[in-house]
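One-letter residues, chain by chain:
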Amino acid sequence: MELKAYFKMIWNRKWMIAVIVTLTCIAVGVKSYFFTVPVYQASSRLIVNQSVEAANGVRYMDLTQIRSNITLIKTYIEIIKSSAIMDIVASSHPELGLTSEQLSSAIRVSAANDSQVMNLTMTSVSYERAAQAVNAVAKVFQENISKIMNVDNVTVLDEAKVDGVTPVPVNSSPIFSIVISFLVSLGIAIGVALFIDYLDDTIKNEADIEQLLGLPAIAFIPRFDRGDLKAKKSTASSTNQQVGDPGYVPAKQ
């Protein structure tokens, strides 16, 4: 099928497409502006930086030690989310109002490849609560990792700031959501229009007959509207009245 034929199909159902797109954008806009709760994200960073002490008392880090620190990070990520850490955080920070299970499911711990830095991230409807939670987890982990693994190589690199910070929601803005919904609904509406046209096997014009039978159309009956029929009846009635008029003189042949 030629590209022009696809455009014709879409144009024939332009009103259906317009209705689908408009209703979708309105629904997404209403939800985004009136029913979407803003979500905030806070992050804290830890660094694993165990060093080696030389004979002269100077501490340094070599490549082997760095690799060892990076390997330990995978273990540290599991320890941070364990009850050994989360129970202490929940009991020592009751102001958070979160249980250890809730903290474990809300806190996300990650580390970039070949990096000694761990990122603790939490999303919540309250930025202040998220910041307090990640800072508490980072501090408790730093204080207790030496007891769990008999090492002292974790330092809090950055804490989530609470005072003087204007939090910005991490969920998408309403305008962005409406634009995405417009593009998605337009694609779906066009697909539905083409699918409906594909299922429609009725004959609409002489081109459909030629395509179906493989034979050229010799003649076709044009389509008449009711207005055309009324106009023709009015013209015929006027002509009959003129012929029946006593003063009517037919034209010479």
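Calculation notes
Residues numbered from 1 in each chain as written. Predicted model: local features only at pLDDT ≥ 70, side-chain atom pairs only at ≥ 80, totals over all residues. Heavy atoms only, no water. Core = buried A, V, L, I, M, F, W, Y, C linked by side-chain atoms within 4.5 Å. Buried < 20%, exposed > 50% of the residue type's maximum accessible area, 1.4 Å probe, protein only. Helix = DSSP H or I, 4+ residues; strand = E, 2+ residues; numbered from the N terminus. Axes fitted to C-alpha atoms, helices over the stretch in contact; angles between N-to-C directions. Parallel < 35°, antiparallel > 145°, perpendicular 65-115°, else oblique. Contact = heavy atoms within 4.5 Å. Pairing = 2+ DSSP bridges. Salt bridge = Lys/Arg side-chain N within 4 Å of Asp/Glu carboxyl O. pLDDT = per-residue confidence, 0-100. Left-handed = near helix turned anticlockwise from the far one by under 90°. Nonpolar A, V, L, I, M, F, W, Y, C, P; charged D, E, K, R; others polar.

## Considering the nonpolar core
No. 1: Counting 36 residues, the largest nonpolar core has Leu-46, Tyr-76, Ile-80, Val-89, Met-118 and Phe-141 as the members making the most contacts within it.
No. 2: Taken together, the elements giving at least two residues each to this core come down to strand E1 (40–48), helix H3 (63–80), helix H4 (83–92), strand E4 (107–111), strand E5 (117–124) and helix H6 (127–149).
No. 3: Per-element accounting of this core gives the leading share, 11 residues, to H6.
No. 4: In this structure, Val-21, Cys-25, Ala-189 and Ala-193 belong to the second largest nonpolar core, which totals five residues.

## As for the packing of helix H1 (residues 3–12) against helix H7 (residues 174–199)
No. 1: At a closest axis distance of 9 Å, the pairing of H1 and H7 adopts a crossing angle of 100°. Our classification of the angle between H1 and H7 gives roughly perpendicular. Of H7, the residues touching H1 (which contributes Tyr-6, Met-9 and Ile-10) are Ile-190, Leu-194 and Asp-197.

## Some words on the sheet that holds E4
No. 1: The four strands lie next to each other as E4-E5-E1-E6, forming an open sheet whose pairing is antiparallel. What marks the edges here is a single partner per strand, and that holds for E4 and strand E6 (154–158). Each neighbouring strand pair of the sheet contributes to a mean axis angle of 30°, computed without reference to strand direction.
No. 2: Bridge count between E1 and E6: four bridges; the pairing is antiparallel. If you follow Ile-47 over to E6, its bridge partner there is Thr-155.
No. 3: Against the sheet, H6 contacts E1, E4, E5 and E6, and its axis sits at roughly 15° relative to E1.

## A short note on the environment of Thr-71
No. 1: You can see Thr-71 is positioned in helix H3.
No. 2: Remark: the alpha-carbon pair of Thr-71 and Ser-115, spanning 44 residues in sequence, is separated by 9.8 Å.

## A closer look at the environment of Leu-103
No. 1: Assignment of secondary structure puts Leu-103 in helix H5 (residues 100–106).
No. 2: Residue classification places Leu-103 among the buried residues on the basis of a relative accessible area of 0%.
No. 3: Counting along the chain gives 19 residues from Leu-103 to Met-122, while the straight-line C-alpha distance between them is 8.9 Å.
No. 4: Not counting the four nearest positions on each side in its chain, Leu-103 is found in contact with Met-86, Val-89, Ala-90, Leu-98 and Ala-133.

## Observations concerning the pattern of salt bridges
No. 1: Overall, the coordinates contain one salt bridge when judged by the stated rule.
No. 2: Residue Arg-45 is joined to Asp-158 by a salt bridge in which the shortest nitrogen-to-oxygen separation is 2.4 Å. Taken as a pair, Arg-45 in strand E1 and Asp-158 in strand E6 lie far apart in primary sequence, 113 residues in all.
No. 3: Here Arg-45 falls in the partly exposed class, since its relative accessible area comes to 34%.

## Examining the confidence of the model for the protein
No. 1: In this model, the protein carries an average pLDDT of 80, and 77% of its residues clear a pLDDT of 70 or more.
No. 2: Looking at the elements of the protein, mean pLDDT is at its lowest for strand E3 (residues 59–60), recorded as 48, and at its highest for H4, recorded as 92.
No. 3: Predicted confidence for residues 54–60 stays below pLDDT 50, and this span has nine contacts to residues more than four positions away or in other chains.

## Digging into the environment of Ile-17
No. 1: Counting through the fold element by element, Ile-17 comes out in helix H2 (residues 14–35).
No. 2: Residues Ile-17 and Gly-187 lie 170 residues apart in sequence; the distance between their C-alpha atoms is 9.3 Å.
No. 3: In this view, Ile-17 contacts Ile-10, Leu-186, Ala-189, Ile-190 and Ala-193; residues no more than four positions away in its chain are not counted.

## A short note on the packing of H2 against H7
No. 1: Contact geometry of H2 with H7 gives a least axis separation of 8 Å together with a crossing angle of 155°. Relative to H7, the element H2 lies roughly antiparallel. Here H2 and H7 pass one another in a crossing that is right-handed.
No. 2: By residue class, the composition of the contact of H2 with H7 is 17 nonpolar, six polar and no charged.

## Topic: the pairing of E1
No. 1: Residues Tyr-40, Ala-42, Ser-44, Leu-46 and Val-48 point to one face of E1 and are all buried, whereas Gln-41, Ser-43, Arg-45 and Ile-47, pointing to the other face, are not buried.
No. 2: The pairing of E1 with E5 spans eight bridges and is classified as antiparallel. Each bridged residue has a counterpart across the sheet, and for Ile-47 the counterpart in E5 is Val-117.

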